[in-house]
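Below are the chains, spelled out letter by letter.
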Amino acid sequence: MNFTPEIEDRLARLQEKYEAMGQDMTSYLDGLLHADFLTYWDYIHLDTLLSLQNPKTPFPDEHIFIIYHQITELYFKLALHECEQITAAQPLTAAFFTARLKRINRYFEALTQSFEIMVDGMDKEQFLKFRMSLLPASGFQSGQYRMIEIYATDFVNLVVADKRDELKNATIEEQFEYLYWKFGATELSTGKKTLTLKQFEKKYGHTFIELGKASIAHNFYALHKQFKSASTATPELENELRQLDVNVNVNWPLSHYKSAVRYLNREPEEIKATGGTNWQKYLPPRFQKRIFYPALWSVEEIENWGKGWVDSALKSV
């Protein structure tokens, strides 16, 4: 049997590879000879994936709720994969930074566009019944989402707005106590933490603090400042950072706000979100004014943060 030059070249390269590792290529070829062909369903573990939905109630639409949140967490995992690549790149170039930011923006845009499934994709009465079986669990408890925020900006920019100036030189541990999302799961009447928040802090608190410390010089805002200082920040890079700011801090929470309005807005008293989160104050961007890259926005844009998007989106509710 005659081998083509292409096959001979690849065999020679394989031989070099295995010799460099002190391995016998023949043994590996025997393994390849006896191995079965890979199937799609085995490669992505499809049977396992489709078995991960375990509703707590008999309401059919609970399946939609579970699957969509699982999809969301997979998109967050994709975004974190890009975050890790950006912070680990040596050297990091503006082109690489921009390309990975584009990926993250695509993930969040796909999520935001698909959130109509949550806004208008479930029977309202079914949702209001099966949601009670989920207490005190809440989408508020997405650790991956908080990690994306930490990668995206200086830790102090995640502090509740009226404490940012006071805590700008504080330690990560001190700033952690005033992160904006904590006040979305605190009882307004007593100031006490909800069980949802206590669970969340117990599981992820140390992780968030350590990531915050590790990201002081490597979060996206810090990296942008380094590029700016070196005069290597490009308009394309800054446009992607601005888009990320809008995607994560305006469009994504606003899509949740629209969903909350549809399902929880009821006269004479609005229904509480699972976990006791104060969704009316926690979700609208104009209240939080959470901005990853304040230097990339004008004073007027910061002052009216999210207002245009909110007004536009709520017309369709």
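Please refer to the structure placed before this passage.
None of these values were measured; they are calculated from a predicted model. (Residues numbered from 1 in each chain as written. Predicted model: local features only at pLDDT ≥ 70, side-chain atom pairs only at ≥ 80, totals over all residues. Heavy atoms only, no water.)

Caption draft 1: Main features of the packing of aromatic side chains. Applying the stated criterion across every chain yields a total of 24 aromatic pairs. Ring centres of Tyr75 and Tyr107 lie 6.2 Å apart, and the angle between their planes is 50°; this geometry places the pair in the tilted category. With Tyr75 in helix α5 (residues 62-88) and Tyr107 in helix α6 (residues 94-114), this pair connects stretches of sequence that are 32 residues apart. Judged by its relative accessible area of 27%, Tyr75 is partly exposed. Taking relative accessible area as the criterion, Tyr107 reaches 17% and is therefore assigned buried. A centroid spacing of 5.9 Å and a plane angle of 45° characterise the contact between Phe97 and Phe227, whose relative ring orientation is tilted. A residue pair is termed long-range when its members are at least 10 positions apart, and Phe97 in helix α6 and Phe227 in helix α12 (residues 220-229) qualify at 130 residues. For Phe227, a relative accessible area of 9% translates into the label buried. A cation over an aromatic ring shows up here: Lys17 above the ring of Tyr18, its NZ or CZ 5.7 Å from the ring centre. (Phe/Tyr/Trp six-rings, centres within 6.5 Å; stacked < 30°, edge-to-face > 60°. Helix = DSSP H or I, 4+ residues; strand = E, 2+ residues; numbered from the N terminus. Buried < 20%, exposed > 50% of the residue type's maximum accessible area, 1.4 Å probe, protein only. Lys NZ or Arg CZ within 6 Å of the ring centre and 35° of its normal.)

Caption draft 2: The pattern of salt bridges, seen in detail. Under the counting rule described, the total for this entry stands at 15 salt bridges. The salt bridge partner of Asp154 is Lys225, with a shortest N-O separation of 2.8 Å. Note that Asp154 is positioned in the loop between α9 (143-152) and α10 (172-176) and Lys225 in helix α12, a separation of 71 residues in sequence. Here Glu173 ties to Lys213 by a salt bridge, and the two come within 2.5 Å at their closest N and O atoms. Highlighted residues: Glu173 in helix α10 and Lys213 in helix α11 (residues 195-214), separated in sequence by 40 residues. Classification of Glu173 by relative accessible area gives partly exposed; the value is 35%. The partly exposed category is assigned to Lys213, whose relative accessible area is 36%. Among the ionic contacts, a cluster of salt bridges with common partners joins Glu177, Lys182, Lys193 and Glu201. (Salt bridge = Lys/Arg side-chain N within 4 Å of Asp/Glu carboxyl O.)

Caption draft 3: Representation of the environment of Val160 within the structure. Along the chain, Val160 falls in the loop between α9 and α10. C-alpha of Val160 to C-alpha of Tyr180: the two residues are 20 residues apart in sequence and 4.2 Å apart in space. Non-local contacts of Val160, meaning those with residues more than four positions away in its chain, are made with Tyr178, Leu179, Tyr180 and Phe183. (Contact = heavy atoms within 4.5 Å.)

Caption draft 4: Quick look at the packing of α9 against α11. Contact geometry of α9 with α11 gives a least axis separation of 10 Å together with a crossing angle of 20°. As summarised for this structure, α9 and α11 are arranged roughly parallel, according to the angle between their axes. Crossing geometry of α9 relative to α11 is assigned as right-handed. Along its contact with α9, which presents Gly143, Arg146, Met147, Ile150 and Tyr151, the element α11 presents Phe200, Tyr204, Thr207, Phe208, Leu211 and Gly212. Among the residues making up the contact of α9 with α11, the classes are represented as seven nonpolar, three polar and one charged. (Axes fitted to C-alpha atoms, helices over the stretch in contact; angles between N-to-C directions. Parallel < 35°, antiparallel > 145°, perpendicular 65-115°, else oblique. Left-handed = near helix turned anticlockwise from the far one by under 90°. Nonpolar A, V, L, I, M, F, W, Y, C, P; charged D, E, K, R; others polar.)

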